[in-house]
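# Notes for the structure review
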Amino acid sequence: MSNALFRPLTPRWGMQKRWTDGSAMADVASEFIKPNDRLSSFERLEIYNRQYWFRVLDCLYDDYPGLRAVVGERKFLKLARAYLARYPSDSYTLRDLGSRLEKFLHDEPNWSAPRQELALDMVRFEWAQVVAFDGPADEPITPDEILDTPPDKLKLRLQPYLSLLELDFEVDDFLIAIKKRDSDALRGEASNAMNAAPKAHRRRRRVRFPKRSKIHLAVHRHDNMLYYMRLDADAFAVLRLLGRGLTVEAACVEVVSQSARTEIDWPKQIKEWFDTWSTLGWFCRA
Amino acid sequence: MPANPFNGYTDYGIGIGLRVPHYRHILAKKPVVDWFEIISENFMVDGGRPLEVLDAILEQYRVVQHGVAIYFGSADKFNREHLRRLKRLVKYTKTPWLSDHLCWGSVDGRYTHDLLPMPYTFAVARHTAEKIRAARDFLEVPICVENVSSYAEYHASEMTEWEFLTEVSELADCGILLDVNNIYVSSQNHNFNPYDYLNNIPHHRVGQMHIAGHSKFEKYILDTHDHPVLDPVWKMYAHAIKLIGPTATLLEWDDRIPSFDEVHNEALKANKFRDAQLAASTA
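Since the model is a prediction, treat every value here as computed from it, not as a measurement.

Helix and strand counts for chain B come out as ten helices and twelve strands. Over its C-alpha atoms, taken along the principal directions, chain B stretches across nearly 50 × 45 × 40 Å. Intrachain contacts of chain B at a sequence separation of at least 6 include 80% that bridge at least 24 residues. In the form shown here, chain B has an accessible surface area of approximately 10,500 Å², with 51% of it arising from carbon and sulfur atoms. For chain B, the distance from the average position of its 28 positive side-chain charges to the average position of its 37 negative side-chain charges is 4 Å.

The next subject is the domain arrangement of chain A. Residues and elements named next belong to chain A. Taken domain by domain, chain A holds domain 1 (3–134) and domain 2 (143–170 + 210–285). Computed over C-alpha atoms only, the centres of domain 1 and domain 2 are separated by 38 Å. Between domain 1 and domain 2, the contact holds eleven residues from the first and 16 residues from the second. Together domain 1 and domain 2 conceal approximately 1,200 Å² of surface at their shared face, both sides included; 65% is due to carbon and sulfur atoms. The largest share of the area that domain 1 buries against domain 2 comes from Asp121, Phe125 and Ala132, three residues that together contribute 40% of it. Where domain 1 meets domain 2, there are one salt bridge. A salt bridge links Arg212 to Glu117, with the nearest nitrogen and oxygen atoms 2.8 Å apart. Across the contact surface, domain 1 and domain 2 share five residue pairs in polar contact (both at pLDDT 80 or more).

Bringing the nonpolar core into the picture now. One finds B:Phe36, B:Leu178 and B:Tyr237 to be the most contacted residues of the largest nonpolar core, which totals 97 residues. Not counting residues within four places of it along the chain, the set of residues in contact with B:Tyr237 comprises B:Ile14, B:Val180, B:Met209, B:Ile211, B:Thr247, B:Thr249, B:Ala270, B:Phe273 and B:Arg274. Grouped together as the second largest cluster of nonpolar side chains are 50 residues, A:Trp53, A:Val56, A:Leu60 and A:Leu97 included.

So, on to the sheet that holds strand β4 (residues 98–101) of chain B. Residue and element names in this part refer to chain B. The parallel closed barrel is built from eight strands, whose spatial order is β1-β2-β3-β4-β7-β8-β9-β12. This sheet shows a mean twist of 30° between the axes of neighbouring strands, independent of strand direction. Here strand β2 (residues 35–39) pairs with strand β3 (residues 63–66) via four bridges, running parallel. By the bridge assignment, Phe36 is partnered in β3 with Val63. Its contacts with the sheet place helix α3 (residues 80–93) against β2, β3 and β4, and it is angled at close to 165° to β3.

Residue and element names in this part refer to chain B. Note that Asn182 resides in helix α6 (residues 180–190). For Asn182, the side chain forms a polar contact with the side chain of Glu146, separated by 3.2 Å. In this structure Asn182 touches Glu146, Asn147, Val148, Ser149 and Asp223, once residues within four positions along its chain are discounted.

Residue and element names in this part refer to chain A. Tracing the backbone through its elements, the reader meets Leu175 in helix α9 (residues 171–181). Here the alpha-carbon distance between Leu175 and Met122, two residues 53 residues apart in the chain, equals 8.5 Å. Apart from residues lying up to four places away in sequence, Leu175 is in contact with Pro65, Gly66, Met122, Phe125, Glu126, Gln129 and Tyr228.

So, on to the packing of aromatic side chains. Residue and element names in this part refer to chain A. Within the structure shown, the criterion is met by 29 aromatic pairs over all chains. With a centroid separation of 6.4 Å and 15° between ring planes, the pair formed by Trp277 and Trp282 is classed as stacked. The two residues Trp277 and Trp282 agree in class, both being buried. An aromatic cluster is defined as three or more aromatic residues linked by ring pairs; in this entry it consists of Trp266, Trp273, Phe274, Trp277, Trp282 and Phe283. Between the NZ or CZ atom of Arg68 and the centre of the ring of Tyr61, over which it lies, the distance is 3.7 Å.

Here we come to the interface of chain A and chain B. With 48 residues of chain A in contact, the opposing surface of chain B contributes 51 residues. Buried surface at the junction of chain A and chain B, both sides included, amounts to about 4,400 Å², of which 57% is carbon and sulfur. Across the chain A-chain B interface, the total number found is three salt bridges. B:Asp114 is paired through a salt bridge with A:Arg55; the nearest N and O atoms lie 3.8 Å apart. For the pair chain A and chain B, the number of links is 22 residue pairs in polar contact (both at pLDDT 80 or more). Per element, the largest residue contribution to the side of chain A that touches chain B is eight residues, and it comes from helix α3 (residues 41–63) of chain A. Classifying every residue of the side of chain A that touches chain B by side-chain character gives 21 nonpolar, 14 polar and 13 charged.

Residues and elements named next belong to chain B. In terms of residue burial, α6 counts as a mostly covered element, since ten of its eleven residues are buried. Buried within α6 we find Val180, Asn181, Asn182, Ile183, Tyr184, Val185, Ser186, Ser187, Asn189 and His190. Looking at where α6 begins, the residue whose side-chain oxygen comes 3.0 Å from the main-chain nitrogen of Asn181 is Asp179. Among the residues trailing α6, Asn191 stands out with phi positive, at a value near 60°.

Another aspect to go through is the state of the cysteines. All names here are of chain A. Scanning the entire structure with this criterion turns up zero disulfides over all chains. Left unpaired, Cys284 is separated from the closest cysteine sulfur, that of Cys252, by 17 Å. When its relative accessible area of 0% is taken as the criterion, Cys284 is described as buried.

We now examine the sheet that holds strand β4 (residues 225–231) of chain A. Residue and element names in this part refer to chain A. A sheet is described by the order of its strands in space; here three strands give the open sequence β2-β3-β4, paired in antiparallel fashion. Edge positions in the open sheet fall to β2 (163–169) and β4, since each of these has one partner strand only. Going from strand to strand, the sheet's axes swing by 30° on average, the running direction of each strand aside. For β2 and strand β3 (residues 212–222), the ladder comprises six bridges, and the chain directions are antiparallel. Bridge pairing in β3 places Leu164 opposite Ala218. Taken strand by strand, α9 contacts β2, β3 and β4, and its axis lies near 145° from that of β4.

Cut-offs used in this document
Residues numbered from 1 in each chain as written. Chains lettered and ligands numbered in written order. Predicted model: local features only at pLDDT ≥ 70, side-chain atom pairs only at ≥ 80, totals over all residues. Heavy atoms only, no water. Helix = DSSP H or I, 4+ residues; strand = E, 2+ residues; numbered from the N terminus. Contact = heavy atoms within 4.5 Å. Areas by Shrake-Rupley, 256 points an atom, 1.4 Å probe, with all protein chains shown as cover. Lys, Arg positive; Asp, Glu negative; His and termini not counted. Charge placed at Lys NZ, Arg CZ, Asp CG, Glu CD. Domains from an automatic or database assignment. Buried area = accessible area lost by both parts, 1.4 Å probe. Salt bridge = Lys/Arg side-chain N within 4 Å of Asp/Glu carboxyl O. Polar contact = N/O pair within 3.5 Å; in protein donor to acceptor, adjacent residues only side chain to side chain. Core = buried A, V, L, I, M, F, W, Y, C linked by side-chain atoms within 4.5 Å. Buried < 20%, exposed > 50% of the residue type's maximum accessible area, 1.4 Å probe, protein only. Pairing = 2+ DSSP bridges. Axes fitted to C-alpha atoms, helices over the stretch in contact; angles between N-to-C directions. Phe/Tyr/Trp six-rings, centres within 6.5 Å; stacked < 30°, edge-to-face > 60°. Lys NZ or Arg CZ within 6 Å of the ring centre and 35° of its normal. Nonpolar A, V, L, I, M, F, W, Y, C, P; charged D, E, K, R; others polar. Disulfide = S-S within 2.5 Å.

The structure is reproduced here in structure tokens:
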């Protein structure tokens, strides 16, 4: 039965009429599903086949509004169907359903053509938000602990819920515009019923695609609210080097030595960065 | 049975499912609610807003965990990570009992995220009961299994659904979360008398009950949890209360969720039947 459930639906959201070996699906279903006075075996099995796909597609639809806006509504559903056929859920929670979207879009760029790069940026950004929403948090290191350790010895780990993204498009502004346009959808929780196809062809006002422009984003949470913060390239580089295990001093020296900026008071700038990041609780003991 | 081993000898009244659209209202207004049922999997996370909300709820309310992904009926072995996280949550919430569905939903590590009906055979009953026992031993909390609504039946079945529920619960020595709406939905989809179901299960094992709304389609009924409870279900609930006693009852409303007050008021209608039964039993 599970093979039948996972099998993709037809373009008209029905169960496929033929089984994998070419035999009639009606015959296959009647081998193990009883008909009743209103529904054939095929129709009864089809309810579950449709429910499976409606549920998982609906989940991706709601969780990836940015990717949906990038590729378009219809193409998104095709992409999602192909993704789920390649990567069925292997987690007890639907939260993880999109965890391999980035890999999928990277490996199979045709699904997001002609905006592959933008789609990849967007899905990285949207997955980072999933992580920031309910990812683990470690005890932040205190300012005193930071001050008590010499910079050449001090190593800091970044919070597991914090993602640092170097992106080629301004997807943050784009997603804000998309969310402003769309009303939040609410997903059913304990009911096992899915009686409607995903919202496949709603007409929505178009939002202008983001321009190509390198941005550096920190996707994080503070007081359990989700935020994304743009960083300048040097600040981003410092954080990334800290995340790779360099000491504070080594990270700062490397960034300062490679920075193109000259008219800057580096000690003051670095102090401001660390004050902000510490206040946000981004650092943990390495 | 108001209090029994399967609900941790508690005597809870009418609860509602804790759902995201109501968080703000509940946390701000702190309405009087006897208990909340949480979907375990929604809170088996490592941090963030879900756990902050749970903390606030636990400070004020009694909470019972209801799961959607243990899949006692799956042939797969348990997902150990799932069980470990579930146990951590059980210790955190101090849920007096825990419920999940009598169904399958995963195969070879792939999840359908659905509550699929099982073939009602003795072999499947034994397998399922073993898994329930193993889960209870690991989680160290009483377990109630919930009958699911279904839209298909198998040729392989050797007994009725209520006989299967009885067989599994006796073999596992576990409780039953009796979903009255699910019985009604399945009875319409499979042409059986829902009162035969209610009359022929081990009433002493019922630790909790569910009520909910459903949707009628041309050829079948779907368990949508997006309506008030319908009259036939209230009648069955009244009958169940007579058989079982005023048991902890939970209204499920999961889609097109109205205001908190509307959901809560719908749930509190169950009090009419509970009070009538209490009056009858003390007369």
